[in-house]
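# Observations on chain architecture
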Amino acid sequence: MTFEMKMLLRLAAPAIVVLGAGLALATIASSVSDLPKALGGAPLFDNVGDDMAIATAVVAGVVYLWQMTRYWRWTQGNGDRCFVCTCLLGRERDGRFGPYRKCLGCGKNHALGRL
Ligand SMILES: [Zn+2]
């Protein structure tokens, strides 16, 4: 697996997590809403699972597009790059030796101010 492939997977991970968690919540909400239906009554909320799944897909799509915009900017030569593998750097974090950013490709930490 190349560093660029790792970077792409790390860029897509937030959207995948949002989609998985949202679909799990939609399934649970749909099951809970349909409990009275199993006993012969009406469901608590009509199509709550479908609505939550659609909303989750929209949010995950926005997150994915945002991350792919970062990737597109990287292909154009914009954005902070790792000096080891030239992949994108992640968000700023506070560490023991000061703020740093982790490379999305090779995983090495880069102290801010020394990029
Ligand atoms: Zn790197």
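Residues numbered from 1 in each chain as written. Predicted model: local features only at pLDDT ≥ 70, side-chain atom pairs only at ≥ 80, totals over all residues. Heavy atoms only, no water.

## Some remarks on the sheet that holds strand S2 (residues 98-103)
In spatial order, the strands read S1-S2-S3; together these three strands make up an open sheet with antiparallel pairing. Taken across any chain shown, the strands that pair with only one partner, and hence form the sheet edges, are strand S1 (89-95) and strand S3 (109-111). Strand-to-strand twist across the sheet, computed as the mean angle between neighbouring axes with direction ignored, equals 35°. Note: S2 against S3, three bridges, orientation antiparallel. Looking at S3, one finds that Arg-101 is bridged to His-110. (Pairing = 2+ DSSP bridges. Helix = DSSP H or I, 4+ residues; strand = E, 2+ residues; numbered from the N terminus. Axes fitted to C-alpha atoms, helices over the stretch in contact; angles between N-to-C directions.)

## Regarding the coordination of the zinc ion
Put simply, the ideal angle at a metal is 109.5 degrees for four donors in tetrahedral geometry and 90 or 180 degrees for six donors in octahedral geometry. With distances of 2.3 Å, the protein atoms coordinating the zinc ion are Cys-82 (SG), Cys-85 (SG), Cys-103 (SG) and Cys-106 (SG). Angles of 98 to 116° at the metal separate the four donor atoms of the zinc ion, which places the site in the tetrahedral class. One chain supplies every donor for the zinc ion, spaced along it as C-x2-C-x17-C-x2-C. With a gap of 21 residues between them, Cys-82 in the loop between helix H3 (48-75) and S1 and Cys-103 in strand S2 connect regions that are remote in the sequence. In this structure, Cys-82 and Cys-103 share a single accessibility class: buried. (Donors = N, O, S within 2.8 Å, 3.2 Å for Na, K, Ca; no water. Tetrahedral: all angles 85-135°; square planar, octahedral: opposite > 155°, others 65-115°. Buried < 20%, exposed > 50% of the residue type's maximum accessible area, 1.4 Å probe, protein only.)

## Section: the domain arrangement of the protein chain
Each assigned domain of the protein chain is listed here: domain 1 (3-79) and domain 2 (81-115). Across the boundary between the two partners, domain 1 contributes eleven residues, which contact twelve residues of domain 2. Surface buried jointly by domain 1 and domain 2 totals about 960 Å² across both partners, of which 60% is contributed by carbon and sulfur atoms. Counting only elements with at least two residues in the side of domain 1 that touches domain 2, the list comes to helix H1 (3-33) and H3. Sort the elements by how many residues they give to the side of domain 1 that touches domain 2 and H1 lands first, with six residues. Of the residues assigned to the side of domain 1 that touches domain 2, the class counts are five nonpolar, two polar and four charged. (Domains from an automatic or database assignment. Contact = heavy atoms within 4.5 Å. Buried area = accessible area lost by both parts, 1.4 Å probe. Nonpolar A, V, L, I, M, F, W, Y, C, P; charged D, E, K, R; others polar.)

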